[in-house]
Amino acid sequence: LFGDHASYILVLVAPLYWIWADPRLLLVLQVVFLAIPAVSLYLIGTRRLGSPLAGLAVAAAYLAYPALQWAAIWSFHPETLAAGFLGLAALAADRQRWRPMAIWLGLALLCKEDVGLVVAGLGALLWITGHPRVGRRTLAAGLGWFLLTAFVLIPLTNGRPSPHLELNYGITGSGPTVLLEAVPTLAGNVWENVVHGKGAIYLLLIFAPLLGLPLLDPRWLLPAAPPILLNLAATHGYQQEIRYQYLATAAPFLALGTIAGVRAVARRRV
């Protein structure tokens, strides 16, 4: 199992079957953890927008977000649990409680290898928004975890390189240098999918439900950018659809970007 994805969080989930040995347990966990960020968004939105009603509106928009709804019903995937941990980490970061933030991010990292890139994006966001020391450490931890799991732990468990790099992105081989060499190819895939494939519609389905507000302050898209770009770089089409789990870790940060977009609109008195 761990030769497929670095979903070590399942070690903590498995004992719950002593309480209720039923696959519906996983679906309940999935729904609960996808919903947790709504509480964080309400509290952050209320503080940053100065209105409980505005905070409630953002939380409701997050819960009604089409990609999130699809993630909730598309079987069970451990990265959906990461959404809850990331939402709690965002709330801790907003309150500058760095130790709880680190704990929540650590739990999020256990859900899947590419969550490391989301955490790295959050670190970059913290870095450029006035918390350079914490931001650099968070960025390094997230990127380091991704490289460790994708190129060391999964291949060790599997006996060969991660199958998903080749199956999903056409990257053969293993190691950070292979990934760096593949960057032009991945960028070309993004361009091709946006211009000639499903990419443009995919981006529309990501941002239209939020009225394009996250685009008004692009800094807040840094944590959401890795999963979106990875989906656009995929060599097959199903990652460029919202009816799977591939935007579960991006959704909380897209909603945070919506808060930043509302603030940008308010400053311009539109």
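The model shown is predicted, which means the values in this text are computed figures rather than measured ones.

Enquirer: How do you make sense of the packing of aromatic side chains when you look at a structure like this?
Expert: Taken as a whole, this structure holds nine aromatic pairs when the rule is applied. For the ring pair Phe146 and Phe151, a centre distance of 6.2 Å and an interplane angle of 85 degrees mean the geometry is edge-to-face. Accessibility assignment for this pair places Phe146 and Phe151 in one class, buried. An angle of 70 degrees between the planes, with centres 6.0 Å apart, marks the rings of Tyr238 and Tyr244 as edge-to-face. Residue class for Tyr238 comes out partly exposed when judged on its relative accessible area of 35%. Connected via pairs of aromatic rings, a cluster forms that spans Trp74, Tyr238, Tyr244 and Tyr246.

Enquirer: Please explain the pattern of salt bridges as it appears in this structure.
Expert: Where side chains of opposite charge bring their charged atoms close, a pairing between them can arise. Taken as a whole and assessed by the stated rule, the structure comprises eight salt bridges. Where Asp22 meets Arg24, a salt bridge forms, and the shortest distance between an N and an O atom there is 2.9 Å. A salt bridge links Glu241 to Lys198; the nearest nitrogen and oxygen atoms lie 2.8 Å apart. With Glu241 in the loop between helix H12 (225–233) and helix H13 (251–267) and Lys198 in the loop between helix H10 (176–196) and helix H11 (199–207), this residue pair connects regions lying 43 residues apart in the sequence. By relative accessible area, Glu241 is classed as buried at 18%. In this structure, a network of salt bridges that share partners links the residues Arg47, Arg48 and Asp94.

Enquirer: Quick question: what am I supposed to make of the packing of helix H2 (residues 24–49) against helix H3 (residues 52–63) here?
Expert: One can describe the packing of H2 onto H3 by two numbers: an axis separation of 7 Å at closest approach and a directional angle of 150 degrees. If you check the angle between H2 and H3, you find them roughly antiparallel. Our pair here, H2 against H3, has a crossing hand that is right-handed. Residues Leu34, Ala35, Pro37, Ala38, Leu41, Tyr42, Gly45, Thr46 and Leu49 of H2 pack against Pro52, Ala54, Gly55, Leu56, Val58, Ala59, Tyr62 and Leu63 of H3.

Cut-offs used in this document
Residues numbered from 1 in each chain as written. Predicted model: local features only at pLDDT ≥ 70, side-chain atom pairs only at ≥ 80, totals over all residues. Heavy atoms only, no water. Phe/Tyr/Trp six-rings, centres within 6.5 Å; stacked < 30°, edge-to-face > 60°. Buried < 20%, exposed > 50% of the residue type's maximum accessible area, 1.4 Å probe, protein only. Salt bridge = Lys/Arg side-chain N within 4 Å of Asp/Glu carboxyl O. Helix = DSSP H or I, 4+ residues; strand = E, 2+ residues; numbered from the N terminus. Axes fitted to C-alpha atoms, helices over the stretch in contact; angles between N-to-C directions. Parallel < 35°, antiparallel > 145°, perpendicular 65-115°, else oblique. Left-handed = near helix turned anticlockwise from the far one by under 90°. Contact = heavy atoms within 4.5 Å.

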